[in-house]
Structures are given as structure tokens and as C-alpha cells.
Amino acid sequence: MTTIADTTSVNSTRAQAAATDLLVVGAGVVGLAHAYEALRRGLSVRVIERDHRANGASIRNFGHCCITGQGNDIIDMSYASRSGWLDCAADVGFWAPEAGAVVVARSPEEMAVVEQFRDERGTEAVEMLTGEAVASRLGRASGPEFLGGAFLPADLRVDPRTAVGSIAEWIAAQPRADVRFGVTVGAISDGRVHTTAGDFDAEKIVVCVGHDLDYLYPEVAGRYEVTRCSLQMAMAPSPQTFTTAAAVLTGTSLTRYDGFTAMPGHEQLTEALSRTSPELLELGANIMFTLRPDGTVLLGDSHSYDITMPPFQEEWITDRIIEEISGILGARLHLQQRWQGVYASSPQTSLLMEDIDEHTRAVSVTSGIGMTMSFGIASRTFESWGVDRVSATV
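Calculation criteria
- Once a new chain begins, its residue numbering starts again from 1 and follows that chain's sequence as written.
- Predicted model: local features are reported for residues with pLDDT of at least 70 only, side-chain atom pairs are reported and counted for 80 or more only, and whole-chain, interface and lining totals are derived from all residues.
- To get the side-chain values, all heavy atoms of the structure are used, and hydrogens and water are removed first.
- Helix and strand assignments come from DSSP, with helices taken as H or I runs of at least 4 residues and strands as E runs of at least 2, each series counted from the N terminus.
- Scored from 0 to 100, pLDDT records how confident the predictor is in each individual residue.
- The criterion used for residue contact is that any of the two residues' heavy atoms lie within 4.5 Å.
- Take a side-chain nitrogen of Lys or Arg and a carboxyl oxygen of Asp or Glu: if they are within 4 Å of each other, that pair is a salt bridge.
- Exposure is judged per residue with a 1.4 Å probe applied to protein chains only, and the accessible area is read against the type maximum: over 50% gives exposed, under 20% gives buried, and values in between give partly exposed.
- Working rule for helices: expected span equals 1.5 Å times residues minus one.
- The directions from the helix axis to the C-beta atoms are what the arc is built from.
- Each axis is a line fitted through C-alpha atoms, and for a helix only the stretch in contact is used; angles between axes span 0 to 180 degrees, taken between their N-to-C directions.
- Here is the rule for angles: anything less than 35 degrees is roughly parallel, anything more than 145 is roughly antiparallel, 65 through 115 is roughly perpendicular, and the remaining ranges are oblique.
- Gly counts as polar in this scheme, as do all residues outside two lists: the nonpolar Ala, Val, Leu, Ile, Met, Phe, Trp, Tyr, Cys and Pro, and the charged Asp, Glu, Lys and Arg.
- Counting rule for disulfides: a pair of cysteine sulfur atoms within 2.5 Å.

### Topic: unusual backbone geometry
Reasoning step 1: That bond from Gly300 to Asp301 is cis: its omega, -15 degrees, falls within 30 degrees of zero.
Reasoning step 2: Tracing the backbone shows Asp301 in the loop between strand S15 (296–300) and strand S16 (304–306).

### Comments concerning the confidence of the model for the chain
Reasoning step 1: Of the residues in the chain, 94% have a pLDDT of 70 or more, and the chain-wide mean is 93.
Reasoning step 2: Of the regions scoring below 50 in pLDDT, residues 1–17 engages in 34 contacts with residues more than four places distant in sequence or in other chains.

### Examining the pattern of salt bridges
Two side chains with opposite charge may pair up if their charged atoms get near one another.
Reasoning step 1: In this structure the tally under the stated criterion is 23 salt bridges.
Reasoning step 2: Its salt-bridge partner being Arg41, residue Glu37 comes within 2.6 Å of it at the nearest N-O pair.
Reasoning step 3: Overall, the relative accessible area of 0% leaves Glu37 in the buried class.
Reasoning step 4: A salt bridge links Arg320 to Glu323, with the nearest nitrogen and oxygen atoms 3.5 Å apart. On the criterion of helical spacing, the pair formed by Arg320 and Glu323 is a turn pair, its members being three residues apart in helix H11 (residues 315–329).
Reasoning step 5: For Arg320, a relative accessible area of 13% corresponds to the buried category.
Reasoning step 6: Overlapping salt bridges bring together Arg106, Glu279, Arg320, Glu323 and Glu324 as one network.

### As for helix H3 (residues 108–121)
Reasoning step 1: End to end, H3 covers 20 Å across 14 residues, agreeing with the expected 20 Å (1.5 Å per residue, within 8%).
Reasoning step 2: Along H3, the positions that sit buried rather than exposed are Glu110, Met111, Val113, Val114, Phe117 and Arg121. Viewed along the axis of H3, the buried residues span an arc of 160 degrees, placing them on a single side of the element. Turned more than 90 degrees from where H3 packs its buried face, Pro108 and Asp119 sit exposed.
Reasoning step 3: The inward-facing, buried residues of H3 contact helix H2 (75–92), strand S4 (101–105), strand S5 (127–130), strand S6 (148–152), helix H8 (258–261) and helix H9 (266–276).
Reasoning step 4: Phi turns positive, to about 100 degrees, at Gly122, one or two residues after H3.

### Quick word on the packing of helix H1 (residues 29–40) against H2
Reasoning step 1: Viewed as axis vectors pointing N to C, H1 and H2 meet at an angle of 75 degrees, and their least axial separation amounts to 11 Å. Comparing the axis directions of H1 and H2 gives the class roughly perpendicular. Note on element contacts: H2 touches H1 through Gly84, Trp85, Asp87, Cys88 and Asp91, opposite Val29, Tyr36, Glu37 and Arg40.
Reasoning step 2: Residue composition of the contact of H1 with H2, grouped by class: four nonpolar, one polar and four charged.

### A word on the state of the cysteines
Reasoning step 1: With the rule as written, the count across this model stands at zero disulfides.
Reasoning step 2: A disulfide-free cysteine, Cys65 has its sulfur positioned 9.2 Å from the sulfur of Cys66, the nearest such atom.
Reasoning step 3: The thiol of Cys208 is not disulfide-bonded; the next cysteine sulfur, from Cys88, is found 15 Å away.

### Some thoughts on the packing of H2 against helix H12 (residues 370–385)
Reasoning step 1: Where H2 meets H12, the axes come as close as 7 Å, and the angle between the chain directions of the two elements is 95 degrees. The orientation of H2 relative to H12 falls into the category roughly perpendicular. In this structure, H2 contributes Met77, Ser78, Ala80, Ser81, Gly84, Trp85 and Cys88 to the contact, and H12 contributes Met371, Thr372, Met373, Ser374, Phe375, Gly376, Ile377 and Arg380.
Reasoning step 2: Of the residues assigned to the contact of H2 with H12, the class counts are eight nonpolar, six polar and one charged.

Given below as C-alpha cells:
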């Protein structure tokens, strides 16, 4: 069996009965992706999570793996993550259709950015749509406000409410794995993790605690200027006419993802939005929505930033988001849930990967693309350690 210990000396004074090749702190999607990829490489793994079930950023998002919209600097990692998601879905058995994403363009400036993106990425990655085709995909007989748009076939969908828990249960059932919920980490040093359930040793430790990085490593969080990003989201029963599993992105989405913001027309698009919908820019909106398998649709979202995030939500923000999405769908939405999402943000990097010592690496996605990039990040971690995958599936 391939182990990290094959190339790393083992301290014989450690409690070997409790030792694993890898210990993951945090059972969000990034941590679980590391655990899954460890098992694919024949490694033993332990996952420690302070909550008693999945409860953080990984269950509060759209369930959209935005593969195509990433910047050129991480696009290869994004596609590697896509492969990891599909392999994991095949092993675990959760819903992960290759449903793609629809980009809706309602202004000349939005259409220009979509066309420029097509010209850069190619017609296989970005399939242009007419206004009529966009309306059809949204379940509308017509949509005169739609100038056109695009279909991004590489994008994936998962159900954020169920996928993460399913992965954790599957990992826990593997013979080389141990998953412990309700366990809090106090300190980490020299390959040893001190927790409320005792001390655990590992050759490698990956700390995947998202925006709570400052609790364990305040100096690292400070160096990268990590803050918290809060977003407002909601859920409603889907209109009967809207049945596509594809994620739906709009003009504001083109201001949020690096692949689009790198286009020459981005500045003109932002100026146009500041004239027509300044409040959407004010609240950092990414007007988008995704259909869940149970027939509900996830709606959002807004973005605000602070080191300590207030829990209070502004009603006008949700009202404005729902008004915009209702107009796109041509049907009034009636909310059944609202919630606050929180994730890590940094002005310096979108993916924070910092080696704390020879045993420990801190990993935080600091740009809201953790669902998308999780398996690609995990693969990059093991590549950097020189640990190869030993099988296509576990």
C-alpha cells in the first residue's frame, strides 16, 4: 500500500495505533475532497469536524460547479476538479448531472462579454444561444428581453443539501478511514492534532476550516488579509415551467467570475449595470439560480465583507434579488426559506494553500468557489507531495 510514510520518516514515539497517513481538519467539501483523494491513493485518513453534521458554507451554496467561468490561471485545476466530482459521484452515488450552465444576456454589454468569452474559450466550451433558445431553456414561451446567451456544457450540478453528507458517510464506511463529528481541535504541532477526543498523529495534516482559519492560524489569516464574506440566499418552490437542472447565470454573474471579468468588455458592462441597476452592484449581487432534485430552486445572492460578520439580514436585499429572478423566470416566486452563507475572502488570492510546517498545510478557498475547486485543490495537494493515485476508483 502506498503511504506518505514511505518517503517521510516516522517518529517512533508516537501512538502508532491512532496514527494515519492523513488527518483532515474540517468536513466541508474541501476537506472531504482531500479525504476522498487520499483513499484513492491507498492512504489511511481521519477526518475531524467540530459540528455534528454538515452545517457550513458547503451546504449553503447553489450546488453549482462553475467549471468554465474560472480564470486562465486555475482553469486546468477547475477541469481536474470536474473529473474528481464525477468520479466521487460514481463511487458515492449522489446526484451530479453534467447539466451545464445557461448564461442569460439581456443587454448589448452582457452579450459582448459572452461573445468575447466564446472567442477566447472556443465554441465547444461556450455554445452561443439565441434569445429564443434562452427563453426555451428557462421554460418560457418567449422572452423578448433576452438578447441571447450561452450554454456552458462542462459545468456540473450537485445538491448542496445532500452531497456533502453523502460523501462523509461514504468515507466513514471505508476500511482505511475514520470520520469524527463533534470533535474540536485545540492545537496542531509536529504531526499531532490535540482535540477534545484526544490526540491524533498523522504524517500529513490538512486544515480545511474555511473562514475560521483565523481561529487556528491567525498569523496566516492576517498575512493574507482573510475576512468573511456574508451572502443572503433563499429557496422557493420552482415554477412548473422551470425544469432545467442547468445553473442559470445572468449579467451580474459576468462581474463575479474571473473568466468573464478578464474580457475586454467587462468595464463597459460594469458601467452599464451602474446606470441601470446600481443597487445590484451595491450589494455585490450575483443574480443566479439552480433547481434542486426535489423541485425547489435556490436563489441568490448578495455579498458583504467584514472580519466578524453580523448575523442580521436586510429584507430589501432579498426582495430585490427575488424581484430580479422572478422577472427572468416570468413567474412570481414565493419563498419558503432564507439563510445567511459565510465563506472566506482574501484580496490577495482566490486559493490559499500555505504549508505551516513539514507535516501541516492550511487550505482555504478565499473566493467563494470552494464547491467548484475542491477536488482539483485536493489533487494539487497530493501532486505537491508526490503521492500518485493508485486506482481510478477506491
